[in-house]
Amino acid sequence: MDIMEYFNNLMQSKEIITLFNANGITFSITNGCFTLIKNNKKTEAMKIALNPDTNSLNFQGNSIIFSLNHDKNNKLYLERLIIGNIDKDEIKFIMQHKLTESDETIEIHFTDQKDNNHKFILKDESLEIEKASLFFKYSLEKERLQGKQIFSYFNFSKDIDTSEYSKEYYDNCLTEFIELEKSCLSITSYLKTKIPFLENCIEEVIENKRNPINKPKAKTKVYTIKKSKPFYRNDVDEIIARSNRRKLKVIKPTDENDE
């Protein structure tokens, strides 16, 4: 498939165009030049390349990187989406959609407005969510800023009964879905069209939040760190590499001076 055929398919893909439009992004093709328009004002030129090995079409601009491909039914899908300040190598949102003959996985990493890192791994019959939160305090004794990083986990599966989790668990889980939607508007609607199991997870959270069973709250693991950082371009490469090795882990702050 050549580039112009990809363009035509993109413009006819209601799911993808709706996702971009919800985030203030539209596309224009003039004299063979592909341009991204943000919030109907700012234009952004895109570098475009067709990967001969995977047959995916890659786009790169100043604030967004994405790639398109076709599934086994020749239907267009968003293979990768990266949002942030590309020029400064700072990334706020990463989505990667992987298809194999027997498996389908969508992995998302994003940083919220409070610099908490979140990870979603969505499959046909399961969903794993991880949140990494940072809490800082200044130590008068050591004369330096110290922090704790707390990891919260939420798991859904057709084989797991989560109806007995606490109200706090569901409150926090619902917050994760809200933060996911904030990170990229209309992303949950797009994901539901690809993996409908997400709809079941959200409905379960809402239902059990309304009618909670009094159970102990979910446990969290606590780690000590010295500082945090957002995603950067080199982190993106590492995330994708780990993902392809099926050992995906959220990017965590690096201890520079371990005691």
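Residues numbered from 1 in each chain as written. Predicted model: local features only at pLDDT ≥ 70, side-chain atom pairs only at ≥ 80, totals over all residues. Heavy atoms only, no water.

J.: Which residues make up the environment of Ile-48, and what are the values?
T.: Assignment of secondary structure puts Ile-48 in strand 4 (residues 47-50). For the pair Ile-48 and Cys-33, spaced 15 residues apart in sequence, the C-alpha to C-alpha distance is 9.8 Å. Residues in contact with Ile-48, not counting those within four places in the same chain, are Ile-3, Phe-7, Phe-34, Leu-57, Asn-58 and Phe-59. (Helix = DSSP H or I, 4+ residues; strand = E, 2+ residues; numbered from the N terminus. Contact = heavy atoms within 4.5 Å.)

J.: Hey, could you go over the packing of helix 2 (residues 14-22) against helix 4 (residues 187-194) for me, with residue numbers and the actual values?
T.: Contact pair helix 2 / helix 4: the axes reach a minimum separation of 9 Å and the direction vectors enclose 165°. Between helix 2 and helix 4, the angle falls in the class roughly antiparallel. Considering the relative orientation of helix 2 and helix 4, their crossing is left-handed. Residue-level inspection shows Glu-15, Ile-16 and Leu-19 of helix 2 in contact with helix 4, the latter providing Ile-187, Tyr-190, Thr-193 and Lys-194. Each residue belonging to the contact of helix 2 with helix 4 can be placed in one class, and the counts come to four nonpolar, one polar and two charged. (Axes fitted to C-alpha atoms, helices over the stretch in contact; angles between N-to-C directions. Parallel < 35°, antiparallel > 145°, perpendicular 65-115°, else oblique. Left-handed = near helix turned anticlockwise from the far one by under 90°. Nonpolar A, V, L, I, M, F, W, Y, C, P; charged D, E, K, R; others polar.)

J.: Explain the pairing of strand 3 (residues 42-45) to me, and be specific about the residues and the numbers.
T.: Note that strand 2 (residues 33-38) and strand 3 share four bridges and pair antiparallel. Following the sheet pairing, Thr-35 is matched in strand 3 by Ala-45. The antiparallel hairpin formed by strand 2 and strand 3 contains three residues in its connecting segment, where Asn-39 sits at a positive phi of about 50°. (Pairing = 2+ DSSP bridges.)

J.: Can you lay out the sheet that holds strand 1 (residues 25-30) for me, pointing to particular residues and giving the numbers?
T.: Spatially, 1-2-3 is the arrangement adopted by the three strands of the open sheet, whose pairing is antiparallel. Each edge of the sheet is formed by a strand with only one pairing partner; in this case those strands are strand 1 and strand 3. Across the sheet, the axes of successive neighbouring strands diverge by a mean angle of 30°, strand direction being ignored.

J.: An account of helix 4 is requested, with residue identities and associated values reported.
T.: Buried within helix 4 we find Ile-187, Thr-188, Tyr-190, Leu-191 and Lys-194. Angular distribution of buried residues about the axis of helix 4 spans 155°; they occupy a single face of the element. (Buried < 20%, exposed > 50% of the residue type's maximum accessible area, 1.4 Å probe, protein only. Arc of directions from axis to C-beta.)

J.: Describe in detail the packing of aromatic side chains, supporting the description with residues and values.
T.: Going through the model one piece at a time under the given rule, you end up with 13 aromatic pairs. Judged by centre distance (5.8 Å) and plane angle (45°), the rings of Phe-27 and Phe-66 are tilted. Of this pair, Phe-27 sits in strand 1 while Phe-66 sits in strand 6 (residues 64-70); the two residues are 39 residues apart in sequence, bridging distant segments of the chain. Judged on exposure class, the residue Phe-27 and its partner Phe-66 are both buried. Aromatic side chains Phe-156 and Phe-177 sit 6.4 Å apart centroid to centroid with 45° between the ring planes, which places their arrangement in the tilted category. (Phe/Tyr/Trp six-rings, centres within 6.5 Å; stacked < 30°, edge-to-face > 60°.)

J.: Which residues make up the pairing of strand 10 (residues 117-123), and what values go with them?
T.: Across the seven residues of strand 10, six count as buried, placing the element largely inside the fold. Direction of pairing for strand 9 (residues 104-111) relative to strand 10: antiparallel, over a ladder of seven bridges. Residue Phe-110 lies in a different strand from strand 10, and its bridge partner there is His-118. With antiparallel pairing between neighbouring strands as the criterion, strand 9 and strand 10 make up a hairpin whose turn holds five residues, including Asp-115 at a positive phi of roughly 65°.

J.: Now, about empty space enclosed by the protein: what can you tell me, with residues and values included?
T.: Overall, the coordinates contain one cavity of 30 Å³ or more when judged by the stated rule. Every residue lining the largest cavity is listed: Leu-19, Phe-20, Asn-23, Ile-25, Leu-81, Ile-83 and Cys-184. Elements represented by at least two residues in the lining of the largest cavity include exactly helix 2 and strand 7 (76-85). Class assignment for the residues of the lining of the largest cavity results in six nonpolar, one polar and no charged. (1 Å grid on protein atoms, 1.4 Å probe; cavity = no way out; pocket = protein on both sides within 12 Å on 5 of 7 lines; lining within 4 Å. Points joined across faces, edges and corners; volume = space filled by probe spheres on them.)

J.: Talk me through the pattern of salt bridges; I want residue IDs and the actual numbers.
T.: The final tally for this structure, using the stated rule, is nine salt bridges. Among the ionic pairs, Glu-15 bridges to Lys-194, the shortest N-O distance being 2.9 Å. Separated by 179 residues along the polypeptide, Glu-15 in helix 2 and Lys-194 in helix 4 bring together distant segments of the chain. Overall, the relative accessible area of 14% leaves Lys-194 in the buried class. Salt bridges sharing partners connect three or more residues here, namely Glu-15, Lys-75 and Lys-194. (Salt bridge = Lys/Arg side-chain N within 4 Å of Asp/Glu carboxyl O.)

J.: Run through unusual backbone geometry, naming residues and quoting values.
T.: Unlike most non-glycine residues, Asp-89 shows phi in positive territory, near 60°. Assignment of secondary structure puts Asp-89 in the loop between strand 7 and strand 8 (90-99). Despite not being glycine, Asp-115 shows a phi value in the positive range, around 65°.

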